[in-house]
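# Working through the structure, step by step
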Amino acid sequence: MNDYDKITAFLGQWGRFQQIVFFLLCASSVPNGFAAFSVVFLTDIPNHHCLVPEVNLTQDWRNAIIPIEVMNLRDGPHILICSRYRLDVVRNLSAQGLFPDRDVNLTDLEHESCVNGWSYSRDIYQSTIVSEFDLVCSDQWKQPFTSTVYFLGVLIGSFISGQLSDRFGRKPVVFATMAVQNFFLFVLIFSPSWTVFSILLFTSGLGQISNYVAAFVLGTEILTGNVRVMFSSLGVCLGYAVGYMTLPLLAYFLRDWKSLLLAISLSGLLYLPLLWFIPESPLWLLSQGRVKETETIVRKAAKMNKVEAPQVIFDDYSVHAHPRQHHNVFDLLRTKNIRNMTVILFTLNTGYFVLSLNTSRLHANPYLSCFISAAVEVPAYISNWLALRYLPRRLSAICVLLLGGVSLYFIQLVPESKLYLSVGLEMLGKFGISTGMALMYLYTAELYPTVLRSTATGTCSTVSRLGSCIAPSLIHLSENFKYLPYITVGTLAVISAFAAFFLPETFGQPLPPTIQQMQR
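Calculation notes
Numbering of residues starts from 1 in every chain and runs along the sequence as written. For this predicted model, a pLDDT threshold of at least 70 governs which residues receive local features, and a threshold of 80 or more governs which side-chain atom pairs are given and counted, while totals over whole chains, interfaces and linings are taken from all residues. Only hydrogens and water are set aside; all other atoms, that is, all heavy atoms of the structure, feed into the side-chain values. Counting from the N terminus, the helices are the DSSP runs of H or I reaching at least four residues and the strands are the DSSP runs of E reaching at least two. Accessible area is worked out with a 1.4 Å probe on protein chains only. A residue is then buried under 20% of its type maximum, exposed over 50%, and partly exposed in between. Using a 1.4 Å probe, the Shrake-Rupley method yields the accessible areas, and only the shown protein chains count as cover for residues. What a helix is expected to span follows from its residue count: subtract one and scale by 1.5 Å. Two residues form a contact once any of their heavy atoms are found within 4.5 Å. Whether two aromatic rings pair depends on their centres lying within 6.5 Å, for rings of Phe, Tyr and Trp, where Trp uses its six-membered ring; planes under 30 degrees apart make the pair stacked, over 60 edge-to-face, and the rest tilted. The criterion for a charge sitting over a ring is simple: Lys NZ or Arg CZ within 6 Å of the ring centre, and within 35 degrees of the ring normal. Salt bridges, as used here, are contacts in which a Lys or Arg side-chain nitrogen is within 4 Å of a carboxyl oxygen on Asp or Glu. In what follows, a disulfide is any cysteine sulfur pair within 2.5 Å. Definition used in this section: a nonpolar core is a set of buried Ala, Val, Leu, Ile, Met, Phe, Trp, Tyr and Cys residues joined via side-chain atoms within 4.5 Å. Patch membership is restricted to residues that have no salt bridge and whose relative accessible area is over 30%. Joining uses 9 Å for like charges and 5 Å for the nonpolar side chains Val, Leu, Ile, Met, Phe, Trp and Tyr. Within this analysis, the arc is defined by the directions that extend from the helix axis to the C-beta atoms. UniProt positions are given in the numbering used here, feature names are shortened, and annotations may be inferred rather than shown by experiment.

## Overview of the overall build of the protein
A count of helices and strands for the protein gives 23 helices and 6 strands. Here the protein holds 520 residues, and 55% of them are scored as buried. Just so you have it, the protein exposes about 23,000 Å², and 62% of that area is on carbon and sulfur atoms.

## Digging into helix α2 (residues 16–28)
For α2, which comprises 13 residues, the first-to-last C-alpha distance of 18 Å matches the rise-based estimate of 18 Å (1.5 Å per residue) to within 8%. Within α2, burial applies to F17, Q18, V21, F22, L24, L25, C26 and S28. Packing partners of the buried residues in α2 comprise α3 (30–36), α9 (170–187), α11 (208–222), α12 (225–253) and α15 (291–304).

## Focus: the packing of aromatic side chains
One pass over the structure, following the stated rule, counts 21 aromatic pairs. Measuring from ring centre to ring centre gives 5.4 Å for W14 and F22, while their planes differ by 85°; the resulting arrangement is edge-to-face. For W14, a relative accessible area of 40% puts it in the partly exposed group. For the pair F133 and W257, a centre-to-centre distance of 6.2 Å together with 55° between the ring planes defines the contact as tilted. Of this pair, F133 sits in helix α7 (residues 129–133) while W257 is found in helix α13 (residues 257–269), placing the two residues 124 residues apart along the sequence. Here a set of aromatic residues connected by ring pairs shows up, and it is made of F41, Y125, Y252, F253 and Y367. The ring centre of Y252 lies 4.4 Å from the NZ or CZ of R255, which sits over that ring.

## Regarding the pattern of salt bridges
Going through the model one piece at a time under the given rule, you end up with 9 salt bridges. Between D139 and K142 there is a salt bridge, with the nearest N and O atoms lying 3.8 Å from each other. Here D139 falls in the partly exposed class, since its relative accessible area comes to 26%. Where E377 meets K430, a salt bridge forms, and the shortest distance between an N and an O atom there is 3.3 Å. One end of the pair, E377, is in helix α18 (residues 377–390); the other, K430, is in helix α20 (residues 419–447), with 53 residues separating them in the sequence. A relative accessible area of 0% means that E377 is categorised as buried. You can call K430 buried: its relative accessible area is 2%. Residues joined in a network through salt bridges with shared partners are R86, D88 and E110.

## Section: the state of the cysteines
All told, the structure shown has 2 disulfides when counted by the stated rule. One disulfide in the model links C82 with C137; its S-S distance is 2.0 Å. Linking C82 and C137, the disulfide has an S-S dihedral of approximately -105° and is accordingly described as left-handed. In this pair, C82 sits in the loop between β3 (77–79) and β4 (83–85) while C137 sits in the loop between α7 and α8 (142–168), placing the two residues 55 residues apart along the sequence. The class of C82 is partly exposed, set by a relative accessible area of 34%.

## Re the nonpolar core
One finds F41, F197, L261 and L275 to be the most contacted residues of the largest nonpolar core, which totals 98 residues. Looking at which element gives the most residues to this core, the answer is α12, with 12 residues. Among all residues touching F41, those that are not within four sequence positions of it are Y125, T128, L247, P248, A251, L260, P366, Y367 and C370. Among the nonpolar cores identified, the runner-up in size contains 15 residues, and L57, I65, L106 and C114 belong to it.

## Focus on unusual backbone geometry
Non-glycine residue C137 carries a positive phi angle of around 55°. The backbone phi angle of K306 is positive, close to 60°, even though this residue is not glycine. Judged by relative accessible area, K306 falls into the exposed class, the value being 76%.

## Some remarks on a nonpolar patch on the surface
Residues I156, F159, I160, L164 and F168 make up a contiguous nonpolar surface patch of roughly 430 Å² in combined accessible area. Among the secondary structure elements, I156 is positioned in helix α8.

## Examining α13
Taking 1.5 Å of rise per residue, 13 residues should cover 18 Å, and α13 covers 18 Å from first to last C-alpha, within 8% of that figure. For α13, the complete set of buried residues consists of W257, L260, L261, I264, S265 and G268. The buried residues of α13 occupy an angular sector of 120° when the element is viewed end-on, so they sit on one face. On the buried face of α13, the contacting elements are α3, α4 (39–42), α7, α9, α10 (194–205) and α12.

## Digging into the UniProt feature "transmembrane region" (unreviewed entry) in the protein
Feature annotation in UniProt places "transmembrane region" (unreviewed entry) on residues 20–42, 148–165, 230–254, 260–278, 366–388, 395–414, 420–443 and 483–503, given in this structure's numbering. Structurally, residues 148–165 is divided into 100% helix and 0% strand, and its ends, taken at the C-alpha atoms, are 25 Å apart. Secondary structure over residues 366–388 splits into 96% helix and 0% strand, and the C-alpha atoms at its two ends are 34 Å apart.

Next up, the structure:
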């Protein structure tokens, strides 16, 4: 209800109750940062070539059996990774005492496929699923498809969990989705094949962003005033960024994919008991007509904050409650205002994940590259918090999205010799889009009513995940034109900035409990 914040104002904004909820929910987003981009390291392709078995070959022939080809002058020579010279022929030439290049013209030798498998470099990784399941050459398509499978799971999970959260409550969904994500991440370690791995990874994805969204909505509805803004624009986002930045550090010290999955899954499973200290959303309980349970939570909060609660807190709420009325995703599209806002928010959410997964490698070291990309999100979230506290939502969204889009357009104008300038512009684009994405999560929560808030946030997150699913294909557009991915994402950002003109302003407004009050 519109008066909820006023009725519970006696609790204060930053007592012991709010502090526990704030820090526990922020900490719950750290495992999401681990899991979200773990596929970067799990599916990375180590340097590799055809395996040469231990047979009687001279060192000269062992060094020469892998063909070397020059594609163009700029890239220079490189070894072929899907073929080698025929082993029986090379063994006979070696036995005759002939030398490669001096006595034998290597270009005349016949090739054969990697019939003995592949040899993988361990300079960067001890193992990834690529080396584990040989996802190279004829099976190379499985490598990017693995990420797509994962994000399809994330897409479906965020769609379903939003509606479950509005139907059965925020807290049960936070518990369930966190358990699903981390349990199946743990079970992945025992995958006997790529097919089983993909199925389990898909199942893990069902809980990945779902518990982030549910925890985000839960905190938004429990906390009030400036603390709500700090939680939704800074706290929960920084928790995610801390997990994201910690991921490359974990991957650096645990260079085996199974060890990395074990560390990620255990960190999430160990967190589950702490969720017992987080209550259900009072706003959601009120929307279901469960006034007595709401009063119990508020009185417990008053006791923790050492303040006295009035004898009757929600004396007239039962008149307005509709406990039997359930809402679903179709209610988002039932009226013109809701329809327009939903479509606009879909566009804005999609742009962020396309750019995040299209972030190019900034350095030959993948650990450093991932850390830089993650670290950029920290100032983005701090800027988002400041903007949400002092500036109108619509103006903030337009400015940061234009900043991100224009920065990405400028990359194509930078000479190739100015690599650091290109990286700087790309990170400025990431900064703008990350800020916009964090802003839109709070914007969504403020726009939609309590009865649809989690469904709306989950649905917007679902459509945004379509961007993550097509990101591997988008990256391949650079093979035709190097800057095409940047132009595509920049265009999405500019379109989103234009669309934001049509969003209603929510700055300083109370959260609407019903669709009718949202429309007003």
